Number of protein chains: 6
Amino acid sequence: MKIVAIGAHPDDIEFGCGGTLVKYIDKGAQVEFLVMTDGSRGGDARVRRREQARAAGVIGAARVHWGGYRDTLLPSVRHLIDRIESVLRKTHPDFIFVNDPDDTHQDHRQVARAAVSATRHSRNVLFYEGPTTVNFTPTVFIEIGDEIERKIEALQMHTSQVMKTRIEATPISEIATAAAHFRGVQSRVRLAEGFVPLRLFINIAGPPLIAPPPRRTRR
Amino acid sequence: MKIVAIGAHPDDIEFGCGGTLVKYIDKGAQVEFLVMTDGSRGGDARVRRREQARAAGVIGAARVHWGGYRDTLLPSVRHLIDRIESVLRKTHPDFIFVNDPDDTHQDHRQVARAAVSATRHSRNVLFYEGPTTVNFTPTVFIEIGDEIERKIEALQMHTSQVMKTRIEATPISEIATAAAHFRGVQSRVRLAEGFVPLRLFINIAGPPLIAPPPRRTRR
Amino acid sequence: MKIVAIGAHPDDIEFGCGGTLVKYIDKGAQVEFLVMTDGSRGGDARVRRREQARAAGVIGAARVHWGGYRDTLLPSVRHLIDRIESVLRKTHPDFIFVNDPDDTHQDHRQVARAAVSATRHSRNVLFYEGPTTVNFTPTVFIEIGDEIERKIEALQMHTSQVMKTRIEATPISEIATAAAHFRGVQSRVRLAEGFVPLRLFINIAGPPLIAPPPRRTRR
Amino acid sequence: MKIVAIGAHPDDIEFGCGGTLVKYIDKGAQVEFLVMTDGSRGGDARVRRREQARAAGVIGAARVHWGGYRDTLLPSVRHLIDRIESVLRKTHPDFIFVNDPDDTHQDHRQVARAAVSATRHSRNVLFYEGPTTVNFTPTVFIEIGDEIERKIEALQMHTSQVMKTRIEATPISEIATAAAHFRGVQSRVRLAEGFVPLRLFINIAGPPLIAPPPRRTRR
Amino acid sequence: MKIVAIGAHPDDIEFGCGGTLVKYIDKGAQVEFLVMTDGSRGGDARVRRREQARAAGVIGAARVHWGGYRDTLLPSVRHLIDRIESVLRKTHPDFIFVNDPDDTHQDHRQVARAAVSATRHSRNVLFYEGPTTVNFTPTVFIEIGDEIERKIEALQMHTSQVMKTRIEATPISEIATAAAHFRGVQSRVRLAEGFVPLRLFINIAGPPLIAPPPRRTRR
Amino acid sequence: MKIVAIGAHPDDIEFGCGGTLVKYIDKGAQVEFLVMTDGSRGGDARVRRREQARAAGVIGAARVHWGGYRDTLLPSVRHLIDRIESVLRKTHPDFIFVNDPDDTHQDHRQVARAAVSATRHSRNVLFYEGPTTVNFTPTVFIEIGDEIERKIEALQMHTSQVMKTRIEATPISEIATAAAHFRGVQSRVRLAEGFVPLRLFINIAGPPLIAPPPRRTRR
């Protein structure tokens, strides 16, 4: 099982599907990040790069690909599609996670739309949410009760961003926890991440595995 | 300013718009509740009635009307409309709050649909959410930072229901707080309640005017 | 893995998710049908009952529950919910499949709406389509290349209905095959069934199982 | 109370929310216009600038900002966002009105989308309609019975445009009046303007309070 | 060409598609009305019956069928479907017009839903709007510049209803005219009626007819 | 009757509305194609040009206009609009067919959006579907039982593309046939093409024509 998670900026992936990725990795999946911009509007690009590397490490990602674009200065959709396709060709992921296209942040919209095209022939593509997503009504869920801690820890690796939520006195960890509770209520579990499927194949093969894989030791 | 808040069951109103009602009451509005069923599927009807009375007291409601129906045994939509209209005729509310029609609980759907008809000639009608609402994408918000405590306190008056959330180890107060945080993030404040307007007039008159500005002379 | 498939009439289930059920059963899942009405508007009730039993046998279902209602004479939504809940309480299904609520046939709408309520606390609920569904835009798919034959065979057990499609010279098997091709194209496989999730948890545990279970011999 | 009204072309603002702006100004609000293009596809740019100045004067706007772009030659969304943000930073508006994003005119779409991003941290953002808007289903209304005359008068200041409606023998004033009647019917008043909220906070403070009610003591 | 126009109450049909029906009749079509209730909530049933007969006469309808139900006291959806089907079986219409299902009036919703089922096998079914319709975004239009007068005249035959619009000092004729202008603007003509298709076949056979049928003389 | 069919790539038009165009041409309509890109991503541009000419010949189109852009390298929306308008100004079509804007292929989205603007003052604009369209819920249909053969024949003229469907062992003709069956079922006929109207005027003039035009001989 291989997964590529695509984010417009550093920390988008962790917020949107960090718990889910932890869960997949704990089951043996290989996860790679593709972060399209350097996040330089929100802080120093080198700092953000370092933070992103650490956060990906906490999640357990095998690699971080960088799109190579500057924050809010994305090129044409065609270039974005090519960039995403170049990563997909190398990784052949079974699953792709990406920002939702309905968002007040223009970079999120552009990356999401490019991903819709780049993943045209992929089987499983799921949109995740962020603090600026609008009209997001998830129907697909993953329970993250055991993974929330690691998700929050990953978000906190983005030290320069933790308090930059634009909501007074509200760190990003608090927002992520509230979202997990909120999506949990909607899906009848304690904590969850919610997704909107562009296209999803149900995994019929599955549970219960005769023997569950040993739980990975937390760092 | 007069407000009628309509709920299918005891505690629907407090969860959906309790903070907003507290805020209105603090500004001098008069609020009345209309609770359509006795909540007897979730507990003893007499207990729930007492709890509802206490919760309404915490909110500061002037009165609780009872629809008189048994939980999950609502009559035809025509009867529901008549019942709601009979309360509206007495109170002439400026604002009406009611369950959202897109909900997995059939009583919520039926009460919401009846309210859509009964409020046909009302100016301001807003749908609120609950733990079983689906596809709810609010665009209208009220900040409840100063009111959240009283909202939670009111929810806790429904003692028999606090732990009946169907989500393991999650009291209703925790769900309500997570929702307030989540809707806060969407509206760029710390804590909020979100609404979907059926029909809403903007109050132009304006924020605390010491003295109304002189009317501009028309040319 | 236990599955309950709910249909308003005999043959709804086979058309909407027959291939998917075959696939699940081949992996060891236990499937039960709940057919709400006797289909007496489309033919003799006893004949249709017999046909339904045979078709369920072809699919491999463990049991057919009957709702006990007459075709187009469904009772109130409350009764429908109770009936569905009574089956769910006995079976505790992991997955539920049911007609889509947006349909020109009133029975489909009513059964779907009742199921939305009855499955309020279930984790996986998927809507399937039929020839009279409208505005159905599936995002969840299951590949049925190996199962299409058995699906068609099951549909043909409903001998009295095969030509009652209201489309000139078009047997139900042809319609089902066209639909499988059409949903296949949308999901990038040869043949598929498409679903709209009310609520779906991704099965992370998953593939690949060390040894796939032996393929059931076709009768 | 400060308001910024954004329009892609001269006369968009007057058509979409002219009556509302008059009403706000009559209550003491300060309104500024931001007109993104010079309207040179519809007439001489200098003429249109003069007409816009006069129309803004009739409405009572304090100032007209010009985006500085040529009609149908808008730059990238990033530039548009920056331009809008530069005005918002100076004015700090409480309310923002802007074209709706679902429109057959590409400039309207682009300005609306840029505004969605530029107003990301604003509390009150409302979309208004125009003759080429599609799928516009307003839920927020403002009664403009006393303001319609001034709205029409402002529209007529755009002398070069009055008959350029592309509808035979139908001046823009007639279209605006029909729209006001139509939105009035939907909101149960004689004449109204309708809006779709991107995000709206209800003004609870309320209609001309002679003296604010004493704050209730919390128990 | 045969048309059946279905309305929940007297005057619904004239308001929603009166101009269109006049136009069809002028081309030789045969139109029948089916008015489901007696309109007794809005006036004396016998008076309304007489008014409806006159209005249908102005339009040029060949016949008025009565559903036979009392205003706001519609029976179950099954009965409504049977009633509508009984008329359709007799008339075999090529086109069916009916109230839109998204409406604040419960009778409109119920009649529309029943019609969706009853017309399950019809080729052309169009929803029309009324003063209480919500979220109506028509994509199909008919120009009624030559027919508006007759439409208004027909509406005025409902003498008891003309001023019962619930909008101060606004007769139904004024509302209908504003709506025709508004839908005209959306469709780029002076006056139009707008429709939402449930299902519509384009008439390719078409224009221009070698010789247009003689224009019916206006009374 | 004049029709312009717009497609982003060679073969889009034939897939989306080939049967409909054949039908119109058989009734005497004049059809022109506007193919925006050279399709060079899917094959040699000169080959594709030749194939497109042949396919248009099979349909019976009077002319093929070429947008002149390279596949996936479309210019700004403004240039696209100008290009489309230049063709519309010459042809003055009564009907326009174009790709649907909700599609995973970026060229389809861009061409569709440009066409929405370029056809701003046209009366009849219909979106057609393709294998990568998403959320397409057609409400307007044309029966193509007599035209399907010619449609398939036209698709097969695109020899280089027939097997490039990205669906294993599935030629484009098979996909087109399945789609025609699927849309047929939805519209209650054997075979159909489905459309989403941006704006459509019903042709009231219509059937029956005194004498149908002579059927074109099939090659």
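Residues numbered from 1 in each chain as written. Chains lettered and ligands numbered in written order. Predicted model: local features only at pLDDT ≥ 70, side-chain atom pairs only at ≥ 80, totals over all residues. Heavy atoms only, no water.

**Looking at the overall build of chain A**
We apply this condition: Helix and strand labels come from DSSP, where a helix needs a run of H or I of at least four residues and a strand needs a run of E of at least two; each type is numbered from the N terminus. The atom set for the radius of gyration is the C-alpha atoms, and the globule formula is 2.2 Å times the number of residues raised to the power 0.38. Buried residues are those whose accessible area, probed at 1.4 Å on protein chains only, stays under 20% of the maximum for their type, while exposed residues exceed 50% and partly exposed ones sit between those limits. Note on contacts: a residue pair qualifies if any of its non-hydrogen atoms lie within 4.5 Å across the two residues. Using the Shrake-Rupley algorithm and a 1.4 Å probe, accessible areas are obtained, with residue cover drawn only from the displayed protein chains.
A tally of helices and strands in chain A yields six helices and seven strands. Walking chain A from its N terminus toward its C terminus, one meets helices and strands in the order β-α-β-α-β-α-β-α-β-β-α-α-β. Over its C-alpha atoms chain A spans a radius of gyration of 16 Å, differing by no more than 12% from the 17 Å that the globule rule assigns to 219 residues. With the C-alpha coordinates aligned to their principal axes, the bounding extent of chain A is approximately 50 × 40 × 35 Å. By the burial criterion, 67% of the 219 residues in chain A qualify as buried. A separation threshold of at least 6 residues defines the contact pool for chain A, and within that pool the share at least 24 residues apart is 80%. Counting only carbon and sulfur atoms, one obtains 51% of the accessible surface of chain A, whose full area is about 7,800 Å².

**Quick word on the pairing of strand β6 (residues 140-143) of chain A**
Residues and elements named next belong to chain A. As a reminder of what qualifies: Whether two strands pair comes down to DSSP finding at least two bridges between them.
Where burial is concerned, the two faces of β6 agree: the one with V140 and I142 and the one with F141 and E143 are both buried. Sheet topology note: the β6/strand β7 (residues 192-201) ladder contains four bridges and is antiparallel. Pairing of I142 across the sheet is with E193, part of β7.

**A few points about the pairing of strand β6 (residues 140-143) of chain F**
Bridging between strand β7 (residues 192-201) of chain E and β6(F) involves two bridges; their strand directions are parallel. In the sheet register, F201(E) faces β6(F), and the bridge partner there is F141(F).

**Concerning the packing of aromatic side chains**
We count it as follows: Here is the rule: rings of Phe, Tyr and Trp (six-membered ring for Trp) pair when centre to centre is within 6.5 Å. Planes less than 30 degrees apart are stacked, more than 60 are edge-to-face, and the remainder are tilted. Whether a charge sits over a ring comes down to the Lys NZ or Arg CZ being within 6 Å of the ring centre and within 35 degrees of the ring normal.
Under the counting rule described, the total for this entry stands at 27 aromatic pairs over all chains. A centroid spacing of 6.1 Å and a plane angle of 35° characterise the contact between F201(B) and F141(D), whose relative ring orientation is tilted. Pair noted here: F201(B) is in strand β7 (residues 192-201) and F141(D) is in strand β6 (residues 140-143), and the two residues belong to different chains. Classification of F201(B) as buried rests on a relative accessible area of 11%. Seen from the ring of F201(C), R123(C) lies directly overhead, with NZ or CZ sitting 4.8 Å from the centre.

**Comments concerning unusual backbone geometry**
Residues and elements named next belong to chain D. Backbone geometry places D11, a non-glycine residue, at a positive phi of 85°. With respect to the helices and strands, D11 occurs in the loop between β1 (2-7) and α1 (12-26). For D11, a relative accessible area of 15% translates into the label buried. The phi torsion at R166 lies on the positive side, around 70°, for a residue other than glycine. In this fold, R166 is placed in the loop between α5 (148-157) and α6 (172-187). Residue classification places R166 among the exposed residues on the basis of a relative accessible area of 59%.

**Description of the relation of the copies chain A and chain B**
The condition is simple: Copy-to-copy alignment: least squares on C-alpha atoms, limited to residues at pLDDT 70 or above in both.
Superposition of chain A onto chain B requires a rotation of 180° combined with a translation of 0.0 Å along the rotation axis, giving an RMSD of 0.0 Å. The relationship between the two copies is best expressed as a two-fold rotation axis. When C-alpha distances to the rotation axis are compared across chain A, the minimum falls at A178(A), with a value of 2.4 Å. A share of 100% of the interface residues of chain A reappears at the interface of chain B, consistent with the copies meeting face to face through the same patch.

**A closer look at the environment of G42(C)**
All names here are of chain C. If you trace the backbone, G42 turns up in the loop between β2 (30-37) and α2 (45-59). A relative accessible area of 15% places G42 in the buried class. Placed 75 residues apart in sequence, G42 and S117 show a C-alpha to C-alpha distance of 28 Å. In this structure G42 touches R48, D71, Q161 and K164, once residues within four positions along its chain are discounted.

**Considerations on the interface of chain A and chain B**
Rules: Once two parts are joined, some of their accessible surface, as seen by a 1.4 Å probe, is lost; buried area is that loss totalled over both. Between Lys or Arg on one side and Asp or Glu on the other, a salt bridge is scored when a side-chain nitrogen of the former is within 4 Å of a carboxyl oxygen of the latter. Pairing of N or O atoms within 3.5 Å defines a polar contact, subject to two protein rules: one partner must be a possible hydrogen donor and the other a possible acceptor, and residues neighboring in sequence count only if both atoms are side-chain atoms.
On the side of chain B, 24 residues touch chain A, which itself brings 24 residues to the contact. Together chain A and chain B conceal approximately 2,000 Å² of surface at their shared face, both sides included; 62% is due to carbon and sulfur atoms. At the boundary of chain A with chain B, the tally comes to two salt bridges. Counting the contacts that link chain A with chain B gives four residue pairs in polar contact (both at pLDDT 80 or more).

**A closer look at helix α2 (residues 45-59) of chain E**
All names here are of chain E. Here is the rule we go by: One less than the number of residues in a helix, times 1.5 Å, gives the span that helix is expected to have.
Its 15 residues place the ends of α2 21 Å apart at the C-alpha level, agreeing with the 21 Å of an ideal helix rising 1.5 Å per residue. Where α2 is buried, its residues touch α1 (12-26), β2 (30-37), β3 (63-69) and α5 (148-157). Its side-chain oxygen placed 2.9 Å from the backbone nitrogen of R46, D44 serves as the N-cap of α2. Remark: G60 follows α2 within two positions and exhibits a positive phi of approximately 105°.

**Notes on the packing of helix α1 (residues 12-26) of chain F against helix α2 (residues 45-59) of chain F**
Residue and element names in this part refer to chain F. The following threshold applies: Axis definition: a line fitted to C-alpha atoms, limited for helices to the stretch in contact. Angles are taken between N-to-C directions and run from 0 to 180 degrees. Oblique is the label for any angle not under 35 degrees, not over 145, and not in the 65 to 115 range, which are roughly parallel, roughly antiparallel and roughly perpendicular in turn. Side-chain classes follow a simple rule in which Ala, Val, Leu, Ile, Met, Phe, Trp, Tyr, Cys and Pro form the nonpolar group, Asp, Glu, Lys and Arg form the charged group, and the remainder, Gly included, forms the polar group.
One can describe the packing of α1 onto α2 by two numbers: an axis separation of 9 Å at closest approach and a directional angle of 40°. With respect to α2, the element α1 is oriented oblique. Residues E14, G18, L21, V22 and I25 of α1 form the contact with α2, whose own contacting residues are Q52, A55, A56 and I59. Residues of the contact of α1 with α2, tallied by class, amount to six nonpolar, two polar and one charged.

**Regarding the confidence of the model for chain A**
The following threshold applies: A residue's pLDDT is the confidence the predictor assigns to it, expressed on a 0 to 100 scale.
When pLDDT is averaged across chain A, the result is 92; 94% of the residues are at 70 or more. Note on residues 207-219 of chain A: pLDDT is under 50 here. Beyond four places in sequence and across chains, it has 19 contacts.

**Considering the side chain of T133(E)**
Residues and elements named next belong to chain E. By the element assignment, T133 lies in the loop between β5 (125-128) and β6 (140-143). Judged by its relative accessible area of 7%, T133 falls in the buried class. Polar contacts involving the side chain of T133 include one to the side chain of D103, which spans 3.4 Å. In this structure the side chain of T133 is engaged in a polar contact, spanning 2.7 Å, whose partner is the backbone nitrogen of G130. With residues up to four places along the chain from it excluded, the contact list for T133 reads D100, D102 and D103.

**Looking at helix α5 (residues 148-157) of chain A**
Three or more residues of α5(A) are buried, namely I148(A), R150(A), K151(A), I152(A), A154(A) and L155(A). In this structure, the buried side of α5(A) is in contact with α1 (12-26), α2 (45-59), α6 (172-187) and β7 of chain A.

**Looking at the side chain of D11(A)**
Stated formally: When charges are tallied, Lys and Arg are placed among the positive residues and Asp and Glu among the negative ones, while His and the ends of the chain are skipped.
Buried charge D11(A) goes without a salt bridge, the closest partner of opposite sign being R48(A) at 4.2 Å. The contacts of D11(A), once residues within four sequence positions are left out, are R48(A), Q52(A), L155(A), H158(A) and Q161(A).

**As for the pattern of salt bridges**
Scanning the model with the defined rule gives 48 salt bridges over all chains in all. The salt bridge partner of D26(B) is R150(B), with a shortest N-O separation of 3.0 Å. Remark: R150(B) occurs in helix α5 (residues 148-157) and D26(B) occurs in helix α1 (residues 12-26); sequence separation between them is 124 residues. An identical accessibility class is assigned to D26(B) and R150(B); each is buried. Among the ionic pairs, R46(F) bridges to D44(F), the shortest N-O distance being 3.4 Å. The network of salt bridges with shared partners includes R41(A), R78(D) and D82(D).

**Let's talk about the arrangement of the chains**
Most contacts, when the twelve pairs of chains in contact are compared, are made between chains B and D. A gap remains between chain C and chain D, which never touch, and the nearest two C-alpha atoms on either side lie 17 Å apart. What separates chain A from chain E at the closest point of their C-alpha atoms is a distance of 17 Å, and the two make no contact.

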